[in-house]
Amino acid sequence: MANNNSGRDKNEKDLVCSFCGKHQDEVERMIIGPGVNICSECIGLCHDLLSDKPDQPKSARPARGGANRAHIQPADGLDINILTPAEIKEGLDQYVIGQDEAKRVLAVSVYNHYKRILSGKGGDVELQKSNVLLLGPSGVGKTLLAQTLAKMLGVPFAIADATTLTEAGYVGEDVENILLKLLQAADFDVERAQRGIIYIDEIDKIASSSQNRTSDISREGVQRDLLPIVEGSSVNTKYGMVRTDHILFIAAGAFHFSKPSDMIPELQGRFPLRVELQPLGKEEFLRILTEPDNALTKQYEALLGTEQIRLSFTRDGLEEVAAFAEDTNSRTENIGARRLYTIMEKILADISFDAPDMPGAQIVVNREYVCEHLQDVRKDQDLSQYIL
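Residues numbered from 1 in each chain as written. Predicted model: local features only at pLDDT ≥ 70, side-chain atom pairs only at ≥ 80, totals over all residues. Heavy atoms only, no water.

**Student:** Help me understand the sheet that holds strand E4 (residues 157-161), please; the structure alone is not making it clear to me.
**Tutor:** Remark on secondary structure: sheet strands pair via backbone hydrogen bonds, oriented parallel or antiparallel. Reading across the sheet, the five strands line up as E4-E7-E10-E3-E11 and stay open at both edges, with parallel pairing between neighbours. What marks the edges here is a single partner per strand, and that holds for E4 and strand E11 (273-276). Put simply, the sheet's adjacent strands are angled 20 degrees from each other on average, direction ignored. Judged from the four bridges that link them, strand E3 (residues 132-135) and strand E10 (residues 248-253) form a sheet pairing that is parallel. Bridging from a neighbouring strand, Leu 135 pairs with Gly 253 of E10. Strands in contact with helix H5 (residues 142-153) are E3, E4, strand E7 (197-201) and E10; relative to E7, the strand with the most contacts, it is inclined by about 175 degrees. (Pairing = 2+ DSSP bridges. Helix = DSSP H or I, 4+ residues; strand = E, 2+ residues; numbered from the N terminus. Axes fitted to C-alpha atoms, helices over the stretch in contact; angles between N-to-C directions. Contact = heavy atoms within 4.5 Å.)

**Student:** Is there a simple way to think about a negative patch on the surface in this case?
**Tutor:** A surface patch of like charges, here negative, comprises Glu 307, Asp 350, Asp 354, Asp 357 and Glu 372. Along the chain, the position of Asp 350 falls in helix H14 (residues 349-354). (Patch = residues over 30% accessible without salt bridge, like charges linked within 9 Å, V, L, I, M, F, W, Y side chains within 5 Å. Areas by Shrake-Rupley, 256 points an atom, 1.4 Å probe, with all protein chains shown as cover. Salt bridge = Lys/Arg side-chain N within 4 Å of Asp/Glu carboxyl O. Lys, Arg positive; Asp, Glu negative; His and termini not counted. Charge placed at Lys NZ, Arg CZ, Asp CG, Glu CD.)

**Student:** Looking at this model, I keep getting lost on unusual backbone geometry. Mind explaining?
**Tutor:** Backbone phi values are negative for most residues with the exception of glycine, while trans is the configuration of most peptide bonds. Phi is positive for Glu 202, close to 60 degrees, though the residue is something other than glycine. With respect to the helices and strands, the residue Glu 202 is situated in the loop between E7 and helix H8 (216-231). Phi is positive for Gln 308, which is not a glycine, with a value near 65 degrees. Along the chain, Gln 308 turns up in the loop between helix H11 (296-305) and strand E12 (310-313). On the basis of relative accessibility, which here comes to 55%, the residue Gln 308 falls in the exposed class. (Buried < 20%, exposed > 50% of the residue type's maximum accessible area, 1.4 Å probe, protein only.)

**Student:** Looking at this model, I keep getting lost on the side chain of Lys 142. Mind explaining?
**Tutor:** You can see Lys 142 is positioned in helix H5. No salt bridge is formed by the buried Lys 142, whose closest oppositely charged neighbour, Asp 201, lies at an N-O distance of 5.8 Å. A polar contact is formed between the side chain of Lys 142 and the backbone oxygen of Gly 136, at a distance of 2.9 Å. Excluding residues within four positions of it along the chain, Lys 142 makes contact with Leu 134, Leu 135, Gly 136, Pro 137, Tyr 199, Ala 252, Gly 253 and Leu 277. (Polar contact = N/O pair within 3.5 Å; in protein donor to acceptor, adjacent residues only side chain to side chain.)

**Student:** Looking at this model, I keep getting lost on the environment of Val 364. Mind explaining?
**Tutor:** Structurally, Val 364 can be placed in strand E13 (residues 362-365). For Val 364 and Arg 310, which are 54 residues apart along the polypeptide, the C-alpha to C-alpha distance reads 8.5 Å. With sequence-adjacent residues up to four places away left out, Val 364 is seen in contact with Ser 312, Thr 314 and Tyr 369.

**Student:** Sorry if this is basic, but what is going on with the layout of surface pockets here?
**Tutor:** Gaps left between atoms show up when a probe the size of a water molecule is rolled over them. Within this model, the largest pocket holds a volume of roughly 870 Å³. In this structure, the largest pocket is lined by 39 residues; those nearest its centre are Ser 138, Gly 139, Val 140, Gly 141 and Arg 338. Broken down by secondary-structure element, the contributors of at least two residues to the lining of the largest pocket are H5, E10, H11 and helix H13 (338-347). Among the elements that make up the lining of the largest pocket, the one with the highest residue count is H5 (four residues). Taken together, the residues of the lining of the largest pocket sort by class into 18 nonpolar, 13 polar and eight charged. (1 Å grid on protein atoms, 1.4 Å probe; cavity = no way out; pocket = protein on both sides within 12 Å on 5 of 7 lines; lining within 4 Å. Points joined across faces, edges and corners; volume = space filled by probe spheres on them. Nonpolar A, V, L, I, M, F, W, Y, C, P; charged D, E, K, R; others polar.)

**Student:** Please explain the packing of helix H3 (residues 85-93) against H5 as it appears in this structure.
**Tutor:** Two elements in contact, H3 and H5, have axes separated by 10 Å at closest approach and are oriented at 120 degrees. The angle between H3 and H5 places the two elements in the oblique class. The interaxial crossing formed by H3 with H5 has right-handed handedness. Together, Glu 87, Ile 88, Gly 91 and Leu 92 of H3 and Leu 145, Thr 148, Leu 149 and Met 152 of H5 make up the contact between the two elements. Of the residues assigned to the contact of H3 with H5, the class counts are five nonpolar, two polar and one charged. (Parallel < 35°, antiparallel > 145°, perpendicular 65-115°, else oblique. Left-handed = near helix turned anticlockwise from the far one by under 90°.)

**Student:** Sorry if this is basic, but what is going on with the packing of aromatic side chains here?
**Tutor:** Geometrically, a pair of aromatic rings is defined through the distance of the ring centres and the angle of the planes. Under the definition given, this model contains two aromatic pairs. Both rings, one in Phe 157 and one in Tyr 199, keep their centres 6.4 Å apart while their planes meet at 35 degrees; by these two values the pair is tilted. With a gap of 42 residues between them, Phe 157 in strand E4 and Tyr 199 in strand E7 connect regions that are remote in the sequence. With relative accessibility at 18%, the residue Phe 157 sits in the buried group. Assessed through its relative accessible area of 0%, Tyr 199 is described here as buried. With 4.5 Å between their ring centres and 35 degrees between their planes, Phe 188 and Tyr 239 make a pair best called tilted. On the criterion of sequence distance, the pair formed by Phe 188 in the loop between helix H6 (177-185) and helix H7 (190-193) and Tyr 239 in the loop between strand E8 (234-237) and strand E9 (240-243) is long-range, its members being 51 residues apart. On the basis of relative accessibility, which here comes to 37%, the residue Phe 188 falls in the partly exposed class. For Tyr 239, a relative accessible area of 35% puts it in the partly exposed group. (Phe/Tyr/Trp six-rings, centres within 6.5 Å; stacked < 30°, edge-to-face > 60°.)

**Student:** How should the nonpolar core be read in this particular structure?
**Tutor:** One broad rule of soluble globular proteins: the nonpolar side chains tend to lie buried together. Counting residues in each nonpolar core, the largest one holds 60 residues, and the members touching the most others are Leu 134, Ile 197, Ile 250, Ile 347 and Leu 348. Excluding residues within four positions of it along the chain, Leu 134 makes contact with Leu 106, Lys 142, Tyr 199, Ile 250, Ala 251, Ala 252, Gly 253, Val 275 and Leu 277. Core analysis: the next-biggest nonpolar cluster, separate from the first, contains 34 residues, Ala 193, Ile 203, Val 230 and Met 263 among them. (Core = buried A, V, L, I, M, F, W, Y, C linked by side-chain atoms within 4.5 Å.)

Here's what the structure looks like:
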């Protein structure tokens, strides 16, 4: 019985590969389909393209966003979602407005950090990790940058407040408790925790400022306690030994009354990468209100949507909010983008209170609405310091 896949069809007609154009006599085998033919050589080529060949050159870089590079697995079997610097910055852009230079530096440092982990010891050259120090006023996105990085990479993330840390043996939070927070975030998986990110906030508060040296000894003690875990050491916990060699430390502070050089020299050296974030103004505030995936306006629209209320914002209304936030920050303490949250809460307080009794309502927040609900704090400058 004749087989259509043997190289000849029933009528012994000369067959041609629909992909490469070769005749059946030029190839080992021809596979016949409805209206299309493919030769054995093209099948082999397709197999090579689809399979992960072991002899593929290491320098061959998969296409951006491809599955082969999205998850790289190191020797210990731990899966890490590693992205290129451009992809990291693109991801940060979705949540953090502005700070382009800071994003670029962070993206490169994080990429190199995890590339160092995944590449092992790097042959004869020992690759040192580069922890990051973020400098900038409150509310410019320091914490959000670090949180977003950890979320994108799929690694555990923990925040520690440097002002609560005390020297070993004193009342307060021990430096090693930072690792317990990271273990919690990793569901007490030591291997995962050892590839995580620890964010140390308010690190400027433990620096010895030139204006206040009353507690220098205590501050320096905390800094010295931080040195071993930041540099890389093994810490014994009740969940097992935790090595900090591959944990990325990101420290941050406003440094209003001190500067990085006020930290002890050893700790300064443990944070070789320094990124300065810029203060935010009206233009950035307006973008923060609308552009990020988790923009405040989108959050309030979704929140009131649960009460069947359709909330919308006009451009002039949001411009008024942004301008008022910038003005308030200039007259009182500058808390950056956090000011937007307090203003939005003030504006929408009445709606939030009455929301359960307003199903089906449509509310438009325009410039007139904003001005009406902010007129009391505009008139009373002292009041705005407490309410906003």
